[in-house]
Amino acid sequence: MYWIALALTLLVALLHVYFLVLEMFLWTRPLGLKTFRNTPEKAETTRVLAANQGLYNGFLAAGIVVGLVLAQPVLVTFSLACVVVAGCYGAYSVSRRIFMIQAVPAILALILRAVA
């Protein structure tokens, strides 16, 4: 169970690094436009906001990774809980799809970490 929990936790961190790249560097490019269902015009006007959001996603990934490397389970748990909150808010404010992509893996990681 420990290895599955660790794998899911790392998956959440990797997803957030991917979100960072999408939002900070690929927002106005074809992959970013397709992923976020944006038009080039809308993407250009929201580019700075997306980069800021990407930075926050990077901090979530960093909290998870630093917590794992330093063997600080409280930091990992806190970071995963922040991901769940962000995913729930994203589902409420933007699209329910965000809940499935962002919050569900973090919820599963938290559950598996608790029982491992």
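Residues numbered from 1 in each chain as written. Predicted model: local features only at pLDDT ≥ 70, side-chain atom pairs only at ≥ 80, totals over all residues. Heavy atoms only, no water.

Notes on the UniProt feature "transmembrane region" (unreviewed entry) in the protein chain
Here, UniProt's "transmembrane region" (unreviewed entry) annotation points to residues 59-86. Measuring from the first to the last C-alpha atom of residues 59-86 gives 12 Å, for a span that is 89% helix and 0% strand. (UniProt positions renumbered as here; feature names shortened; annotations may be inferred. Helix = DSSP H or I, 4+ residues; strand = E, 2+ residues; numbered from the N terminus.)

Things to note about unusual backbone geometry
Its identity is not glycine, yet Arg37 carries a phi of approximately 55°, on the positive side. Residue class for Arg37 comes out exposed when judged on its relative accessible area of 63%. Phi at Ala71 takes a positive value of approximately 55°, unusual for a residue other than glycine. Along the chain, the position of Ala71 falls in the loop between helix 4 (47-69) and helix 5 (73-93). Judged by its relative accessible area of 58%, Ala71 is exposed. (Buried < 20%, exposed > 50% of the residue type's maximum accessible area, 1.4 Å probe, protein only.)

Things to note about the environment of Phe36
Summarising the element assignment, Phe36 is placed in the loop between helix 2 (30-35) and helix 3 (40-45). Taking relative accessible area as the criterion, Phe36 reaches 26% and is therefore assigned partly exposed. In contact with Phe36, other than residues within four places in its own chain, are Leu22, Glu23 and Trp27. (Contact = heavy atoms within 4.5 Å.)

Let's talk about a nonpolar patch on the surface
Together, Val65, Val66, Val69, Leu70, Leu75 and Phe78 give the surface a local cluster of nonpolar side chains, amounting to about 550 Å² of exposed area. Among the secondary structure elements, those contributing two or more residues to the nonpolar patch are helix 4 and helix 5. Per-element tally for the nonpolar patch: the top contributor is helix 4, with 3 residues. For Phe78, the position within the fold is in helix 5. (Patch = residues over 30% accessible without salt bridge, like charges linked within 9 Å, V, L, I, M, F, W, Y side chains within 5 Å. Areas by Shrake-Rupley, 256 points an atom, 1.4 Å probe, with all protein chains shown as cover. Salt bridge = Lys/Arg side-chain N within 4 Å of Asp/Glu carboxyl O.)

With respect to the environment of Glu41
Note that Glu41 resides in helix 3. Counting along the chain gives 13 residues from Glu41 to Thr28, while the straight-line C-alpha distance between them is 8.8 Å.

A few points about helix 6 (residues 96-115)
Here helix 6 is 20 residues long and its end C-alpha atoms lie 28 Å apart, about the 28 Å a rise of 1.5 Å per residue gives. The largest bend in helix 6 comes to about 40°, at Ala103, with the proline Pro105 one to four residues further on. Those residues of helix 6 lying buried are Gln102, Ala103, Pro105, Ala106, Ala109 and Leu112. Each element contacted by the buried residues of helix 6 is listed here: helix 1 (2-25), helix 4 and helix 5. (Expected span 1.5 Å × (residues − 1). Bend = angle between axes of the 7 residues up to and from the residue.)

Examining the pattern of salt bridges
A full pass over the atoms with the stated rule returns 1 salt bridge. Between Arg47 and Glu44 there is a salt bridge; the shortest N-O distance is 3.2 Å. For Arg47, a relative accessible area of 42% gives the class partly exposed.

Focus: helix 1
Taking 1.5 Å of rise per residue, 24 residues should cover 34 Å, and helix 1 covers 34 Å from first to last C-alpha, within 8% of that figure. Turning to helix 1, its buried residues number three or more, namely Ala5, Leu6, Leu8, Thr9, Val12, Ala13, His16, Phe19, Leu20, Leu22 and Glu23. As for helix 1, its buried residues are in contact with helix 2, helix 4, helix 5 and helix 6.

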